[in-house]
Amino acid sequence: MRGLCLSLSLMIAGITPGGLVAQDAPPEARSFQSSVLVIDFERAFLQSAFGRALNAEIEAAGAEIAAENRRIEEQLAEEEQRLTDQRASMDPAQFRLLADAFDAKVQRLRAEQDAKAEALGTRGDDSRRDFLQAARPVIEQIMRATNAVVVLERRNVLIAADYVDITDNTIALIDAGQPEEAAPTPDADSEAVPTDP
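Note that the coordinates shown come from a computational prediction; the quantities given were computed from them, not determined experimentally.

**With respect to a nonpolar patch on the surface**
At step 1: Taken together, the side chains of Val-36, Val-149, Val-150 and Leu-152 present a nonpolar region at the surface, about 300 Å² in accessible area.
At step 2: Positionally, Val-150 belongs in strand S4 (residues 150-153).
At step 3: With a relative accessible area of 30%, Val-150 lands in the partly exposed category.

Here is the structure:
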C-alpha cells in the first residue's frame, strides 16, 4: 500500500478534489486549500473497481445461497409428501419417529442456511472495512495536498461547495492502484449514483 501511495502522489499534485485539473478549476478552487473536505463513502465504495469487485463476489454468494434454499425447500416438500402418503399404512409410533426425525432435519437445515446468510452479511461489513483501509492512505494524501485537517461524510453535511468533495478523486486514485483483473468493466447500473431512500 505504501508503494501505491507513492505512485499516486504525482497524480494528486495535479488534480484538485472533485476531479478538476487546477487550470480548469473555477476561480474559487484554482489555488484550492481547505481545512475541511467531504466524501460520500458509500458512493466511493459502490462505484470503485474495488467495491464493485467485492459486491459482485457477495452478490454471487447470495445468489448461490438463494438457489440452495430453493433446492432444499423442494427436497423437503417432496420428503414431507412421501411421509404423509405413508402415514395411513404405518404404525403410529413408527410414524411419530419418522416425523420427529424429519422435523429435526428441517430445523438443522434452516439453522445452517441462516448461518450462511449471517456470514454473508458479515462479509459485506468486512468488505467496507477493507475498502476503508485501502482508501485511507489515498484520502490522507489528498488531505496533505489541500492542507485539510478533517474529512467529513457527505451525508452528514448540510451544505458544502462541490470542489471540496473528494469522492470522485478517491475513486479514481484507488482504481488507478488496482490490478486490471480486480477492476471489471462497469455496467450502466453499477455507475448509477446511489441516492438516499
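**Topic: the packing of aromatic side chains**
At step 1: Scanning the model with the defined rule gives three aromatic pairs in all.
At step 2: Note on Phe-45 and Phe-131: the rings are 5.4 Å apart at their centroids and 75° apart in plane angle, and the pair reads as edge-to-face. Of this pair, Phe-45 sits in helix H3 (residues 41-47) while Phe-131 is found in helix H5 (residues 92-146), placing the two residues 86 residues apart along the sequence. By the burial criterion, Phe-45 is buried, and Phe-131 matches it.
At step 3: Of the aromatic side chains, those joined through ring pairs into one cluster are Phe-41, Phe-45, Phe-50 and Phe-131.

**Comments concerning the packing of helix H4 (residues 49-86) against H5**
At step 1: Where H4 meets H5, the axes come as close as 10 Å, and the angle between the chain directions of the two elements is 175°. When the axes of H4 and H5 are compared, the pair comes out roughly antiparallel.
At step 2: In terms of residue class, the contact of H4 with H5 is built from 18 nonpolar, five polar and eight charged.

**Digging into the confidence of the model for the protein chain**
At step 1: On average, residues of the protein chain carry a pLDDT of 77, and 74% of them reach 70 or more.
At step 2: Taken element by element, the protein chain is modelled with least confidence in helix H7 (residues 188-191), mean pLDDT 36, and with most confidence in strand S3 (residues 36-39), mean pLDDT 94.
At step 3: Of the regions scoring below 50 in pLDDT, residues 1-31 engages in 46 contacts with residues more than four places distant in sequence or in other chains.

**A few points about the environment of Ala-135**
At step 1: Its place among the elements puts Ala-135 in helix H5.
At step 2: With relative accessibility at 1%, the residue Ala-135 sits in the buried group.
At step 3: Each C-alpha atom of the pair Ala-135 and Ile-171 lies 8.5 Å from the other, and the pair is 36 residues apart in sequence.
At step 4: Excluding residues within four positions of it along the chain, Ala-135 makes contact with Thr-170 and Ile-174.

**Describing unusual backbone geometry**
At step 1: Phi is positive for Asn-147, which is not a glycine, with a value near 60°.
At step 2: Here Asn-147 lies in the loop between H5 and S4.
At step 3: When its relative accessible area of 51% is taken as the criterion, Asn-147 is described as exposed.

**Details of the nonpolar core**
Side chains of a nonpolar character, in soluble globular proteins, are inclined to be buried together.
At step 1: Counting residues in hydrophobic clusters, the biggest one holds 21 residues, and the most contacted among them are Leu-37, Phe-50, Phe-131, Ile-139, Ile-142, Ile-166 and Ile-174.
At step 2: With seven residues, H5 is the largest single contributor of residues to this core.
At step 3: Non-local contacts of Ile-139, meaning those with residues more than four positions away in its chain, are made with Ile-39, Val-151, Ile-166 and Thr-170.
At step 4: The next biggest cluster of nonpolar side chains, apart from the first, holds nine residues, and it includes Leu-76, Leu-83, Phe-95 and Leu-109.

Quick notes on the rules
Residues numbered from 1 in each chain as written. Predicted model: local features only at pLDDT ≥ 70, side-chain atom pairs only at ≥ 80, totals over all residues. Heavy atoms only, no water. Patch = residues over 30% accessible without salt bridge, like charges linked within 9 Å, V, L, I, M, F, W, Y side chains within 5 Å. Areas by Shrake-Rupley, 256 points an atom, 1.4 Å probe, with all protein chains shown as cover. Salt bridge = Lys/Arg side-chain N within 4 Å of Asp/Glu carboxyl O. Helix = DSSP H or I, 4+ residues; strand = E, 2+ residues; numbered from the N terminus. Buried < 20%, exposed > 50% of the residue type's maximum accessible area, 1.4 Å probe, protein only. Phe/Tyr/Trp six-rings, centres within 6.5 Å; stacked < 30°, edge-to-face > 60°. Axes fitted to C-alpha atoms, helices over the stretch in contact; angles between N-to-C directions. Parallel < 35°, antiparallel > 145°, perpendicular 65-115°, else oblique. Nonpolar A, V, L, I, M, F, W, Y, C, P; charged D, E, K, R; others polar. pLDDT = per-residue confidence, 0-100. Contact = heavy atoms within 4.5 Å. Core = buried A, V, L, I, M, F, W, Y, C linked by side-chain atoms within 4.5 Å.

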